[in-house]
Amino acid sequence: MRASGAASSGASSGASSGAGPGLRAGVIPLAAFGDGGEIPVPYVIARSGELVNDPLLFAMDWSRRREVLYLTYASRRAADWVGGILRARVLDSGVGDPLWRQVNTVRQWRCMSELLCQVCGLPAAEPGEPIPWILTETAFHGLAGVPDADGGAGNGDAGDTNQPPTCRRCIPSALAFCPRLGVSAEVVTAGSAEPVAVLGELFQPGEGAGWRWPVSVGHNVYIGLDEFARHPRVLATQLVMRLHDIRREGGGAGAGEVAGAGSSAGVS
Ligand SMILES: [Zn+2]
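Everything numeric here is computed off the predicted structure, so don't read it as measured data.

Q: Would you explain the overall build of the protein chain in this entry?
A: A count of helices and strands for the protein chain gives three helices and twelve strands. When the 268 residues of the protein chain are sorted by exposure, 36% land in the buried category. If you take every contact in the protein chain between residues at least 6 apart in sequence, the share linking residues at least 24 apart comes to 73%.

Q: What is the right way to read helix α1 (residues 105-114) from this model?
A: Given 3.6 residues per helical turn, the α-helix brings residues three or four places apart onto the same face. Most of α1 sits inside the fold, with nine of its ten residues counted as buried. By the burial criterion, the buried members of α1 are Thr 105, Val 106, Arg 107, Gln 108, Trp 109, Arg 110, Cys 111, Met 112 and Ser 113. Along its buried surface, α1 packs onto β5 (85-87), β6 (98-103), β10 (185-204) and β12 (234-248).

Q: What is the right way to look at unusual backbone geometry in this model?
A: As a rule of thumb, non-glycine residues mostly have phi less than zero, and peptide bonds are mostly trans rather than cis. Although it is not a glycine, Leu 115 adopts a positive phi angle of roughly 55 degrees. Among the structural elements, Leu 115 can be located in the loop between α1 and β7 (131-136). By the C-beta count within 10 Å, which is 27 here, Leu 115 ends up buried. One non-glycine residue with positive phi stands out, namely Asp 245, at about 55 degrees. Its location among the elements puts Asp 245 in strand β12.

Q: Explain the environment of Ala 59 here, please?
A: Within the fold, Ala 59 resides in strand β2 (residues 56-61). A count of 14 C-beta atoms within 10 Å places Ala 59 in the partly exposed class. A sequence separation of 173 residues divides Ala 59 from Pro 232, and the C-alpha atoms of the two residues are 9.9 Å apart.

Q: Help me understand the environment of Arg 169, please; the structure alone is not making it clear to me.
A: You can see Arg 169 is positioned in the loop between β9 (158-161) and α2 (171-181). In the structure, Arg 169 is positioned 49 residues away from Cys 120 in sequence and 9.1 Å away in space, judged by C-alpha atoms.

Q: Sorry, what's going on with the confidence of the model for the protein chain here?
A: Per-residue confidence for the protein chain averages 79 on the pLDDT scale, and 72% of its residues sit at or above 70. Counting contacts from residues 1-37, a segment whose pLDDT is below 50, to residues more than four positions away or on other chains yields 71 contacts. Residue range residues 251-268 is modelled with pLDDT below 50. Its contacts to residues more than four positions away, or to other chains, number 46 contacts.

Q: Honestly, the pairing of β7 in this entry has me stumped. Any pointers?
A: Successive residues of a regular strand alternate their side chains across the two faces of the sheet. Across the six residues of β7, five count as buried, placing the element largely inside the fold. Bridge count between β7 and β10: six bridges; the pairing is antiparallel. Looking across to β10, one finds that Trp 133 is bridged to Val 188.

Q: Sorry if this is basic, but what is going on with the environment of Leu 91 here?
A: Here Leu 91 is to be found in the loop between β5 and β6. Between the C-alpha atom of Leu 91 and that of Val 106, which follows or precedes it by 15 residues, the distance is 7.8 Å.

Conventions used here
Residues numbered from 1 in each chain as written. Predicted model: local features only at pLDDT ≥ 70, side-chain atom pairs only at ≥ 80, totals over all residues. Helix = DSSP H or I, 4+ residues; strand = E, 2+ residues; numbered from the N terminus. Buried ≥ 20, exposed ≤ 12 C-beta atoms within 10 Å, placed from the backbone. Contact = placed C-beta atoms within 7 Å. pLDDT = per-residue confidence, 0-100. Pairing = 2+ DSSP bridges.

In structure tokens:
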């Protein structure tokens with residue numbers, strides 16, 4: 001599944017609020033930030049009124065004639081699974097105070113699947129155009145030797161990120177966040193992007209008779225979409241995309257600057 005430009009890759013976008021005509025479902029009215037009051041609350045940021053704490057447990061799957069334990073919400077719904085992976089429940093209401101260091105799982109997923117801007121929630125690029133992306137040290141991992149989008153040998157200008165794209169109109173305000181969050185960033189474009197993994201909380205069954213009760217064994221664990229054996233034990237919170245044909249704004253391959261281990265990319 002590969003998305004290019006503003007084309008949708010068709011993944012489920014989960015719950016949405018009942019916004020009226022003309023207003024995209026889930027778009028949140030802009031709010032003031034701190035005393036400056038000039039930075040909007042990005043579309044992707046979670047709100048305090050959207051958190052859901054439904055209980056999780058392990059269940060036994062007897063299909064395929066072998067017992068497989070899998071994580072589920074106690075009140076299971078088919079819509080909880082996206083591509084066979086359990087996705088964390090959140091509301092998409094925009095209600096409550098912004099939780100600046102937390103993303104709303106439904107909106108993050110939607111931004112990635114539909115290549116929407118993480119700030120305004122509108123398409124990040126025109127169809128067929130390179131997709132503008134802000135890469136930050138904390139949310140981008142450069143990869144060497146990844147095949148090109150067309151299956152070629154690859155030249156290193158690829159990488160994985162859990163941060164959605166940003167449209168050109170929103171790039172200035174998004175960059176203004178970076179110093180406040182203590183991260184450095186670089187503006188690039190990606191020729192194409194495809195989902196490759198999720199970040200999530202990994203669980204194992206409890207001891208003995210308490211096997212149904214999940215025990216957390218890791219936060220923000222990277223689980224590849226092809227790591228099927230691990231899928232039954234993860235609660236996914238973010239979708240990770242692999243970017244191809246990364247170009248730094250102004251020309252040239254751009255992945256290396258941010259990707260280098262311990263490097264400090266200097267655009268802010
Ligand atoms: Zn935007």
